[in-house]
Amino acid sequence: MQSLLGEIAAAASSWVELRYHARRSKRLVVRNGKVEESSSIDLIGVGVRSFVGGAFGFASTTDLSRAGIERAVGIAQNTAAATARAKRNRSTGLAVVDLARGTFPLQTDDPLENHSLEEKLELVLKIDAQIRSSNDCVVSSEATYAEMLDEKVIVTSDGASAHIFDAKPALRVLAIAERDGDQTRALETLGVTGGWSELFAPRAPEEMAERVIRLAVDQLSAKRPTGGVAQVILDPELVGVLSHEAIGHTVEADFVLGGAITAGKLGVQIASELVTMCDSGASEHVPHAVGETLVDDEGVPAARTVIIEDGVLRSYLHNRETAAHFAVPPTGNARAYTYSDEPLVRMTNTYIEPGETKLEDLFASMGDGYYLRGFGASGQADSNAEFMFGVREAWRVHDGRITERVRGVTISGNAFETLLSVDAVSDDFRWEQGAGYCGKGQPAKVDGGGPHVRCTLMIGGEQSD
Amino acid sequence: MTSHSLLDRCREAVSLACRLGASAAEVFGQTVDSVNSTVEKNDLQISKSQFETAFGIRAFVGGRVGFTSTNNVEQIQSACRDAVALAKASPEDPHNVLPEAVPAPPINNLYDSAAETFAAADAVQRMADMLSLAESIDRRVILNDAWFGAVVREVTIANSSGLALWERGSLFTYGVIATAREGARVSSFDFQFGATRTVAQIDVDTPIRRVCENALASLGAERGESFRGPVLLSPNAVSEILIGTLLFQLNARDNLRGRTRWKDALGSHVAVPELTLTDDGRLPGGVATASFDREGVPHRPLTLIRDGVLTSLLHNTYTAHATRSKNTGHALGSARSVPSIGPTNLAILPGNASVDDLLSDMQRGLLVRRFSGNVDPISGDFSGAVKAAHLIERGRLTHAVSGTLIAGNVFDALKSLSGISESREHVYNLTLPYVRLENVSVTAD
């Protein structure tokens, strides 16, 4: 396939990018002891992007013959030409960069293919049973295993020729508890780039089950917080969510050009000096982050991009087109979900660098506030960096000590005001968003994480009058 | 691939799966032929064409079931083999059965032949029209994202009970996400959407005019107030706050899982008597209109909540068999997914008040056009930020507010809501009125 794509690209009358992508996904879902899904999905095709007259066109095909791919090239070129005729600001082109060539294998000691379907099914049945049999209050259980194995060949007419292998397994564990008609829900997830043993390196599946049981039951007796501004400690998962959702999207260069709040602010202090935030296609600090992207879908090798350095905005995230616009090198952030998707500017692994303060000292030097752990069911952030996130677990902190659990917590505010309020950053680090997806017209596996961070923001709660 | 050969492929795959060891089998085939054009940052971006054929295979071995999907016609045989292998590895469940083969009366006007010649260049032109209109309304408006898409979709389903169905439809969808910017002030995002089955009925003007109006209205947002009181939800906000929980509670599979509050509520009051909720998969011109569902069961109109009383859940074949209920034809999904359960064209029937009437009754309240937050479909608790919201005082809109959160409970809201508008809007496959909730907690920054 690599040589075929190379020949077609070389013969094309305009710049083209050809991406062969074969994906095999498996999903096993067990709820309340029943296997609700046992599925395998194969998706294979070639996506073609063409650049004609200052505009892009894209076509995809499942016909993998030379004629089929050449036909897709023609459609992409015609589509690009039609767009160019109506486009107001034609693109200046693509940034020149050393493009990836060669083979990029998956790093794992324990490939998923070495583990049978029966073994994976047995695991989810066992975890589901563990949750259901744990506590009289637990009324519903769920365990889901999912894996995604990718093989890609990326060839461009200006030199990329990369053969890439990737695997991303994930486990999701859920418990629902009920007492006197009141129901609570608790979720734990794991997801990595790698194999079977790497998936369970952070924690064993049995421990995940224990956690959701305890959380679902404990939440039944939790109270709701009082709404208002509060000092909080965010755990690495919420730090990752804040970094990705509330900051990361505002520094995606396509959004910057669309008027995101970060436009024109390179070099400006936008966060506390304690904050250094990065995005990296490699797994910094801890291996096997799920957003690992050794080569992006334009054939650009992975990079570590410092977005905020000591509180100062230093860089946006780029594909080759936006990099050319800003006259900077591309950052390896062009990503497409399947063969039929065009590459977009997407994050990979987005995080805040750890600081120097011990976690216990974050609490010890705090007065009253909240300790917030994990991302809740939903959330959203706007291009003006206003955000709202649900919180999975929360406790009141009184005089530096964790006291009672509260539930139904949301946090909101402006992400940059929140980052300016950061007054302590711990020295630990975790990736914590491995099982989820980012949505931006098409899904993407991304990770987020960091240390614990203490800051001030608004807690959503109840008003009495 | 012609429609005839698509259905033939499905039939052949059913036979093959049975020869490979399945006691029953179902094959769902689809072709998708689509073009779309996009705008970002007020300019045309990439335009796309896609053609794909895909097959979804369910193999049953007694009560065991496995599902595979492939978009490679050459791989159907191995996909059938894998589906049988997955089934054999799974535990028995007696409710894994196929539906009976029942004729599905065809629906007219699902397909516009003009869609066949609707090319990427046509989508580009429609997109350019949307952009020009927004600029002519107000240059402070930025179309952050907008799209125009045209799709022709053929679906077929064949199973070992003798079912063999085929249908073709065209759909044109267009949406826009916009902000307004004036100096350093940036408004909230607003989102509007439109859809139609025919080229002649494409109307990109309405969503563009609405998105401009709402984005501009939230540009001068001021600090809000904290209080507990009434909140008037726009159809978009009704969709974001109420519909997810309603659909979770109405999903027979979630009821079987024991997760829902309404698991024993059929025949009970779950809402005020003014509320009636319907679903109609045969609605003329509806976005989700089709003569049969993902399992080949015919669609038909259904009342889910009548005058506040829960009258039916949404069923597919599994849940109907497990609960000995009538199959309502709500299997949802594509060739790439196992049949789940979901609505078709869902609607809250209109009330008898105008939106102005609903506003004029409010001494102090909030008009919410968009909601960004958590809604827990199990507890019904919702909490989150309001967008493009206006404070209401003495029955009048005063000013736009920012940094304001609302919190409440969907179940309480359904039983205490105090008004439903007579006017309704389409939100993709939903037809929704304005709804006024009472006793909502409002917290200002």
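All values derive from a computational prediction rather than experimental measurement.

About the cut-offs
Residues numbered from 1 in each chain as written. Chains lettered and ligands numbered in written order. Predicted model: local features only at pLDDT ≥ 70, side-chain atom pairs only at ≥ 80, totals over all residues. Helix = DSSP H or I, 4+ residues; strand = E, 2+ residues; numbered from the N terminus. Contact = placed C-beta atoms within 7 Å. Buried ≥ 20, exposed ≤ 12 C-beta atoms within 10 Å, placed from the backbone. Nonpolar A, V, L, I, M, F, W, Y, C, P; charged D, E, K, R; others polar. Pairing = 2+ DSSP bridges. Domains from an automatic or database assignment. Axes fitted to C-alpha atoms, helices over the stretch in contact; angles between N-to-C directions. Parallel < 35°, antiparallel > 145°, perpendicular 65-115°, else oblique. Left-handed = near helix turned anticlockwise from the far one by under 90°.

### A few points about the environment of I213(A)
Residue and element names in this part refer to chain A.
For step 1, the next point in the chain: Relative to the helices and strands, I213 resides in helix 5 (residues 205-220).
For step 2, the next point in the chain: Between the C-alpha atom of I213 and that of L174, which follows or precedes it by 39 residues, the distance is 8.4 Å.
For step 3, the next point in the chain: Ignoring sequence-local partners within four residues, the contact set of I213 consists of I131, S134, N135, V138 and A175.

### What about unusual backbone geometry?
All names here are of chain A.
For step 1, the next point in the chain: Backbone geometry at D310 places phi at a positive 50 degrees, although glycine is not the residue there.
For step 2, the next point in the chain: Looking at the element boundaries, D310 is found in the loop between strand 10 (304-309) and strand 11 (312-313).
For step 3, the next point in the chain: By C-beta crowding, D310 is classed as partly exposed, having 14 other C-beta atoms within 10 Å.

### Some points on the interface of chain B and chain A
For step 1, the next point in the chain: Taken together, the contact pairs 62 residues of chain B with 63 residues of chain A.
For step 2, the next point in the chain: The element that contributes the greatest number of residues to the side of chain B that touches chain A is strand 2 (residues 43-61) of chain B, accounting for nine residues.
For step 3, the next point in the chain: When the residues that make up the side of chain B that touches chain A are grouped by side-chain class, the tally is 21 nonpolar, 26 polar and 15 charged.
For step 4, the next point in the chain: Relative to strand 3 (residues 64-70) of chain B, strand 2 (residues 34-52) of chain A runs parallel, the two sharing four bridges. Across the sheet, S39(A) pairs through a bridge with F67(B), a residue of strand 3 of chain B.

### Some words on the domain arrangement of chain A
Residues and elements named next belong to chain A.
For step 1, the next point in the chain: Entries for chain A in the domain assignment read domain 1 (2-220) and domain 2 (228-460).
For step 2, the next point in the chain: Averaged C-alpha coordinates put domain 1 and domain 2 at centres separated by 21 Å.
For step 3, the next point in the chain: Each partner contributes residues to the interface: domain 1 has 40 residues there, and domain 2 has 31 residues.
For step 4, the next point in the chain: Contributing elements (two or more residues each) for the side of domain 1 that touches domain 2: strand 1 (15-31), strand 2, strand 3 (55-61), strand 5 (138-156), strand 6 (161-179), strand 7 (182-191) and helix 5.
For step 5, the next point in the chain: Looking at the side of domain 1 that touches domain 2 residue by residue, the classes come out as 18 nonpolar, 14 polar and eight charged.

### With respect to the packing of helix 3 (residues 117-132) of chain A against helix 5 of chain A
Residue and element names in this part refer to chain A.
For step 1, the next point in the chain: At their nearest, the axes of helix 3 and helix 5 sit 9 Å apart, and the two run at 30 degrees to each other. For the element pair helix 3 / helix 5, the angle class is roughly parallel. Once helix 3 is placed against helix 5, the crossing between them reads as right-handed. Residue-level contacts link L123, I127, Q130 and I131 of helix 3 to P205, E206, A209, V212 and I213 of helix 5.

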